[in-house]
Amino acid sequence: MSSFSLPPIHDNPDGGWGPSTSNFPDQFKFKDIPYAPYSKSDKLGRFADWNDLSSDNRQNVAGLPPTQNARGGGPGGRRGDRNQAFGSGTASAFAYFHVEDESSFSLVDNKAAPARRGAGFSRGRGGMRGTGGYNNTRGNARGGRGGASFRGGANQRGGANQRRGWRDWEKNNRARESSVVISPQWNMLEEVEFHRLAKLRLEVDEPEELDSYGRLFAYDKSYDRVTTKTEKPLQLVDRIKYNTTTSDDPVIQQLASSGVAKVYTTDAILSVLMCAPRSVYPWDIVIVREGDSLFLDKRDGGPFDTVTVNENAADPPQDPTPPNPNNPTEKAAIPETAAINTATSLSLEATYINQNFGFQSVIETAPPPPVDFANPNPFYGPDETEPLASCGYRYRLFDLGITEDEDIKICIRTEVDAYTPGQGNPRDGQGLVTIRALNEFDPRAQGAGGAPDWRSKLDSQRGAVVATEMKNNSCKLAKWTVQSVLAGAELMKIGYISRANPRDNTRHVILSTASMRPTDFAAQLNVSLANGWGIVRTVTDMCMKMPEGKYVLVKDPNKPVIRLYAVPMSTFTGDDEEGVEGSEEE
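Residues numbered from 1 in each chain as written. Predicted model: local features only at pLDDT ≥ 70, side-chain atom pairs only at ≥ 80, totals over all residues. Heavy atoms only, no water.

Helices and strands together make up the secondary structure of the protein, namely 10 helices and 19 strands. Here the protein holds 586 residues, and 42% of them are scored as buried. A sequence separation of at least 24 residues applies to 69% of the contacts in the protein between residues at least 6 apart. Here the protein displays about 33700 Å² of accessible surface, and carbon together with sulfur accounts for 50% of that area. (Helix = DSSP H or I, 4+ residues; strand = E, 2+ residues; numbered from the N terminus. Buried < 20%, exposed > 50% of the residue type's maximum accessible area, 1.4 Å probe, protein only. Contact = heavy atoms within 4.5 Å. Areas by Shrake-Rupley, 256 points an atom, 1.4 Å probe, with all protein chains shown as cover.)

Given below as structure tokens:
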């Protein structure tokens, strides 16, 4: 039976922790080493230094014999560089390799082995074959048991033919041109990011009615009962509707001469400024300061004359890349079937739909009778013979002063499209209606934004259709809502209009019409009027600090930034060639 004896115990007669120096044996190897207390987080030393290379380019690993410290960690030290550990500067000392030379290996069975899942070539991503010891650029093995393959092939991430994230796919082709040509003569004065605009707030009281012009027809309530099974064709109605800029408005000129306000603009221009943080496409506003007054204008042929489509979609419609001017033989290749689904074509189509739906959905020939405002249409001359569209102009005055001593008022020309019979006197602002239209082009086309098929979902799942449109057309719907609130309209009528054939952009049908109150719809869209008024007041203060002259507020085509430029007074007039070229490019 084996015996067991206790080891010698060196008690500390002095008390406390640790051995006593008085009873250390002579052979104790730590006798002359002072004791230093330490914590568990202290690093006592390294077992192996992977970055320490000797003169013969071999790793020095503690605890291994010299023969095992070879480059590669195995006998012979071969192939150490090709299998280095991820994150280390040299090869792993514990990598295992066969001692036999691979050149002596020969394959007996020449039959092709079945493809293993995850192995082989990466599908269309550059053709880098997975070899099972490589990691991709994100540091995790891709390809399962068959090995790993590089995302983007040999180019890796950031190369020429790389695979980006789904939001960055072909982002280089999304570079948009500015809505106006920035001349070298222009002087940039201010630059404001959208995230700063989103923090502004200003509460504004109810406006003052200055005057009203035009004639309104009654809205046809039969369009509220249209369904996908009882669709109506969209007709071409020949009517005239004016969209005159601020400086050319004779009523605003008269009001400016009397000095009723400091800022003059229209609801279409002001809604773009109030909803600027939602905008993606470029736009520009011409600002003219004359004396103590500001005029916010639009350019002829600019972005204010058309309606955008799916501007806020994750993959909005795009225009074809223009041909290279240095290569006259190169053409802008685009399939003929996709030409009607480009951004410019869809914008023109949406503008046509909005105008004709507004003209068609009112009653002109039968009772109830039209309602005339206090003054006739100010833009319809005595020599005009073509019939006017149903439109009423209300000139309203808003007070932007923060304190009672501030006299900063803005005069806005607002528009309403019809009135609802039996809801009161439209001359007093009762029962006024604004009419707009959303359009569906092709759910399977690029830029559709994942919209469901309206014919199959609009009646049964209207909420899904509305939610998709609120996501893809957030900026457009917000501008329409702000225009309706500024005009004092009680209802918004939004028609859902689709192509009769997805391949034909000339024939359309009305599938349904939605009715909502502008203030309620603004809450659903998360549109803050206080934020919009804060943006208007900030831009006003920014321009009032400048001397008299002409300025242009430009939204960057590819960044959420607006910039204020000082431009010559002849810009965008017949005397300025650069301004004409900028308008023609639109």
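Attention shifts here to the sheet that holds strand 19 (residues 561-567). The 10 strands are arranged 3-19-18-8-9-7-13-12-4-11 in an open sheet whose pairing can be described as mixed. Looking along the sheet, the strands with just one partner apiece sit at the ends: strand 3 (187-193) and strand 11 (371-372). Here 8 bridges tie strand 12 (residues 391-399) to strand 13 (residues 409-416), and the two strands are oriented antiparallel to one another. Considered in strand 13, the bridge of Leu 397 is made with Cys 411. Together, strand 4 (208-216), strand 7 (263-266), strand 9 (293-297), strand 12 and strand 13 form the strand contacts of helix 2 (residues 250-258), whose direction differs from that of strand 7 by roughly 170 degrees. (Pairing = 2+ DSSP bridges. Axes fitted to C-alpha atoms, helices over the stretch in contact; angles between N-to-C directions.)

Residues at a pLDDT of 70 or more form 67% of the protein, whose mean pLDDT is 78. Every residue in residues 117-172 scores below 50 in pLDDT, and together they form 69 contacts with partners more than four places removed in sequence or on other chains. The low-confidence segment residues 577-586 (pLDDT under 50) makes 14 contacts with residues lying over four places distant or belonging to another chain. (pLDDT = per-residue confidence, 0-100.)

Where a strand is regular, its side chains alternate between the two sheet faces. Of all the 9 residues making up strand 12, 8 are buried; the element is thus mostly covered by neighbouring parts of the structure. By the bridge criterion, 7 bridges tie strand 4 to strand 12 in an arrangement that is antiparallel. Among the inter-strand pairings, Gly 214 is bridged to a residue of strand 12, identified as Gly 392.

Scanning the entire structure with this criterion turns up 19 salt bridges. The salt bridge involving Glu 209 is made with Arg 394; its shortest N-O contact spans 2.9 Å. Placement of Glu 209 in strand 4 and of Arg 394 in strand 12 is noted, with a sequence separation of 185 residues between them. Overall, the relative accessible area of 8% leaves Arg 394 in the buried class. Put simply, Glu 191, Asp 556 and Arg 563 are held in one network by salt bridges that share partners. (Salt bridge = Lys/Arg side-chain N within 4 Å of Asp/Glu carboxyl O.)

Let us now look at the nonpolar core. By size, the foremost hydrophobic cluster in this structure holds 65 residues, and its most contacted members are Ile 285, Ile 287, Ile 410, Trp 533 and Leu 553. Tallying contributions element by element places helix 9 (residues 529-544) first for this core, with 7 residues. Those residues in contact with Trp 533, other than ones at most four positions away along the chain, are Leu 202, Val 204, Leu 270, Met 274, Phe 398, Leu 400, Ile 410, Ile 412 and Leu 486. Residues Ile 252, Tyr 264, Phe 295 and Cys 391 belong to the second largest nonpolar core, which totals 16 residues. (Core = buried A, V, L, I, M, F, W, Y, C linked by side-chain atoms within 4.5 Å.)

Within the span of helix 2, buried status applies to Val 251, Ile 252, Leu 255 and Ala 256. Along the long axis of helix 2, the arc covered by the buried residues comes to 135 degrees, so they all point the same way. Exposed residues on helix 2 whose side chains face more than 90 degrees from its buried face are Gln 254 and Ser 257. Elements in contact with the buried residues of helix 2: strand 4, strand 7, strand 9, strand 12 and strand 13. Its side-chain oxygen at 2.9 Å from the backbone nitrogen of Val 251, Asp 249 defines the N-terminal cap of helix 2. At the exit of helix 2 stands Gly 259, carrying a positive phi of roughly 70 degrees. (Arc of directions from axis to C-beta. Polar contact = N/O pair within 3.5 Å; in protein donor to acceptor, adjacent residues only side chain to side chain.)

Helix 9 packs onto helix 3 (residues 267-274) with a crossing angle of 100 degrees between their chain directions and a minimal axis gap of 8 Å. Of the possible angle classes, the one that applies to helix 3 and helix 9 is roughly perpendicular. Where helix 3 abuts helix 9, its residues Leu 270, Leu 273 and Met 274 lie against Leu 529, Gly 532, Trp 533, Ile 535, Val 536 and Val 539. The residue inventory of the contact of helix 3 with helix 9, partitioned by class, reads 8 nonpolar, 1 polar and no charged. (Parallel < 35°, antiparallel > 145°, perpendicular 65-115°, else oblique. Nonpolar A, V, L, I, M, F, W, Y, C, P; charged D, E, K, R; others polar.)

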